[in-house]
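Okay, here's what each chain looks like letter by letter:
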Amino acid sequence: MKRRDFLLTAAGAGLAPVAGLLTPAQAASTALSLVAEPVTVQILPDGNPATDMLGFNGSSPGPLLRLKQGARQAIRFDNKIDQDSAVHWHGLRIDNAMDGVPGLTQAQVKPGHGFDYALTPPDAGTYWYHSHNRSWEQVARGLYGPIIVEEASPPDIDRDVVVMVDDWRLMETGGLAPGYDSMHDQAHQGRLGNYARALFDDDSTVQRGQRLRLRIINVATDRVFPVKLSGIEGRVVALDGMPLSEPRAIEEMLLAPAQRVDIIADVTSDAAVSVLAPLRDGDYVLGELKVEGKAKERRTSAIAPLPANSLGKPDLANSQDVLVKMEGGAMNPRIMQLNSIWGLGGRNDINQEPVLRIERGRSARLRLANETLFPHGIHLHGHHFFEMSADGALGDARDTSLVMPDQTLDVACVFDNPGKWLLHCHMLGHQAAGMKTWVEVI
Ligand SMILES: [Cu+2]
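Parameters and conventions
- Residues numbered from 1 in each chain as written.
- Predicted model: local features only at pLDDT ≥ 70, side-chain atom pairs only at ≥ 80, totals over all residues.
- Helix = DSSP H or I, 4+ residues; strand = E, 2+ residues; numbered from the N terminus.
- Buried ≥ 20, exposed ≤ 12 C-beta atoms within 10 Å, placed from the backbone.
- Contact = placed C-beta atoms within 7 Å.
- Core = buried A, V, L, I, M, F, W, Y, C linked by C-beta atoms within 7 Å.
- Domains from an automatic or database assignment.
- Pairing = 2+ DSSP bridges.
- Axes fitted to C-alpha atoms, helices over the stretch in contact; angles between N-to-C directions.
- pLDDT = per-residue confidence, 0-100.

**Digging into the overall build of the protein chain**
- When helices and strands are counted, the protein chain shows five helices and 30 strands.
- Dimensions of the protein chain, computed from the C-alpha atoms along their principal axes, are close to 60 × 50 × 45 Å.
- A buried classification covers 51% of the 442 residues belonging to the protein chain.
- A separation threshold of at least 6 residues defines the contact pool for the protein chain, and within that pool the share at least 24 residues apart is 77%.

Written out as structure tokens, the structure is:
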């Protein structure tokens, strides 16, 4: 099979559901267990070779974690792979000691050892967990899974479906291609796969007229996914876990690695609800839910906003402001004073001084200035920030912002969570090659 054919044969692939759903009943008061270990997964369509990867509890993606807003959940992590590791809970505004960043918030978890995490998520919504050691390799090899933090009063829907979009760089044997540290990849767009698809936590059939909640997560290490949906009509209700005060029309989306979009929509097709990647030569089917039958009654109620999370509004009149330049990369004529491929805020390593040191409770405005020829997805740990429009108005709350070449994006944040928080590009190959720094909240 030619490389290019890989990318084109995903349409209609048999999509296996994610194994090992952990329900709140099982989770109540007892620790959940996540074991990182080697797994074999049928990534390619049935009939093609399976892929040796890394996963949690026997599968990649790992099990869906369902947490309750405001409730403490203990999670025991055991490392049964042959590299050091640690788990980061992306987007959860939790205690710094639980953030899972080796060298900043905890020590490496050595092979054969474990770490006891405890999470009390303040916000409902869609999040995910992934390895944060050699993440450009360990996430590419499959060490990630979805997190749902349930609303106290969830919206009225028929089905809640997690949709993870990913790509893999596969060899013709079905194995993952080596070369995770390729400097060529890291200086360009990162490690892009040659095969892409959407993975559902539950791909059983839906009925025409049912109301679905789709939680789309870009779990790819480096690919910015264009995503389009067909077979449904509805609204976008949340971005990066945070509810929109007014639900929006569903348009073509561009998802940076780690970004999420929640959609509530009614099935309008008799055939399929499709997750598509619009490409130059047409729509590529990343995955689909088949439609069978018709719901007895279609809901006529409007799609209402999700209950708001309590996110502090930045005080822009008294904010600390800092310029955070993205620098470096291939073909960039601008000179960078750093001995690395990429830089962020004049830094390239977490052993350096933080780009911002700020008192707890104060607001800051970060000017994210992309002076490179590539897009970057800038992620702040432990907080959500507000993207600002050119006139200074507060826009969407996010934990990861896509910043295009030559774009400058101001984001404003109340730094109310004490500790050492990583700020980095979520194109994980860029992070590997220097696009990282940190913020200290004291
Ligand atoms: Cu980047």
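**Let's talk about unusual backbone geometry**
- Omega for the bond connecting Ser-60 with Pro-61 falls within 30 degrees of zero, at 0°, which places this linkage in the cis form.
- Here Pro-61 is to be found in the loop between β2 (51-56) and β3 (65-68).
- Its identity as a non-glycine residue notwithstanding, Asn-57 has a phi of 50°, on the positive side.
- Relative to the helices and strands, Asn-57 is located in the loop between β2 and β3.
- Judged by the 19 C-beta atoms lying within 10 Å of it, Asn-57 falls in the partly exposed class.
- With a phi angle near 50°, Asp-240 is a residue other than glycine that sits in the positive phi range.
- On the secondary structure map, Asp-240 appears in the loop between β14 (232-239) and β15 (242-249).
- In this structure Asp-240 comes out as buried when scored by C-beta crowding, with 25 C-beta atoms within 10 Å.

**Overview of the nonpolar core**
- Formed by 118 residues in total, the largest nonpolar core has its most connected members in Ile-147, Val-163, Val-165 and Val-411.
- Split by domain, this core shows at least three residues from each of two domains, domain 1 (3-294) and domain 2 (316-441).
- With sequence-adjacent residues up to four places away left out, Val-411 is seen in contact with Leu-366, Leu-368, Phe-385, Phe-386, Glu-387, Met-388 and Ser-401.

**Some words on the sheet that holds strand β25 (residues 385-388)**
- The strand order across the open sheet built from six strands is β21-β20-β23-β28-β25-β26, with neighbouring strands paired in mixed fashion. Pairing within the sheet leaves two strands with one partner each, and these edge strands are β21 (342-344) and β26 (394-398). Each strand axis lies, on average, 25° off the axis of its neighbour in the sheet, ignoring direction.

**So, the pairing of strand β9 (residues 159-168)**
- Taken across its ten residues, β9 has eight buried, putting it largely inside the fold.
- For β9 and strand β12 (residues 211-218), the ladder comprises seven bridges, and the chain directions are parallel. From the neighbouring strand, Val-163 faces β12, where its bridge partner is Ile-216.

**A closer look at the environment of Gly-91**
- Within the element layout of this structure, Gly-91 appears in the loop between β5 (87-90) and β6 (114-119).
- Accessibility expressed as a C-beta count within 10 Å gives 31 for Gly-91, which makes it buried.
- In sequence terms Gly-91 and Asn-218 are 127 residues apart; their C-alpha atoms lie 13 Å from each other.
- The residues contacting Gly-91, other than those within four sequence positions of it, are Tyr-127, Asp-240, Gly-241 and Asp-399.

**Thoughts on the domain arrangement of the protein chain**
- Segmenting the protein chain into domains produces domain 1 (3-294) and domain 2 (316-441).
- Look at where the C-alpha atoms of domain 1 and domain 2 centre, and you get two points 24 Å apart.
- Counting from both sides, the interface comprises 30 residues of domain 1 and, opposite them, 32 residues of domain 2.
- Mapped by element, the contributors of at least two residues to the side of domain 1 that touches domain 2 are α3 (135-138) and α4 (183-187).
- Sorting elements by how many residues they give to the side of domain 1 that touches domain 2 places α4 first, with four residues.

**Things to note about the sheet that holds strand β8 (residues 144-150)**
- Spatial ordering of the open sheet is given by β3-β8-β7-β5, a layout of four strands whose pairing is mixed. Each edge of the open sheet carries a strand with a single partner, namely β3 and β5. Averaged over all adjacent pairs, the angle separating strand axes in this sheet is 25°, with direction ignored.
- Judged from the six bridges that link them, strand β7 (residues 125-131) and β8 form a sheet pairing that is antiparallel. Bridge assignment links Gly-125 to a residue of β8, and that residue is Val-149.

**Considering the pairing of strand β19 (residues 282-294)**
- Examined bridge by bridge, strand β11 (residues 206-208) and β19 share two bridges and lie parallel to one another. Across the sheet, the residue bridging to Val-206 is Val-291, located in β19.
- Relative to β19, strand β18 (residues 272-279) runs antiparallel, the two being bridged by eight bridges. Within β19, the residue paired with Leu-279 across the bridge is Gly-282.
- Here β18 folds back onto β19 in antiparallel fashion, the turn holding two residues.

**Let's talk about the environment of Gln-431**
- As for its position among the elements, Gln-431 is in helix α5 (residues 428-432).
- Separated by 53 residues in sequence, Gln-431 and Ile-378 place their C-alpha atoms 9.9 Å apart.
- In contact with Gln-431, not counting residues within four places along its chain, are Ser-135, Trp-136, His-424, Cys-425 and Lys-436.

**Side note on the confidence of the model for the protein chain**
- With 93% of its residues at a pLDDT of at least 70, the protein chain reaches an overall mean of 93.
- In the model, residues 1-19 has pLDDT below 50 throughout and makes 37 contacts with residues more than four positions away in sequence or in other chains.

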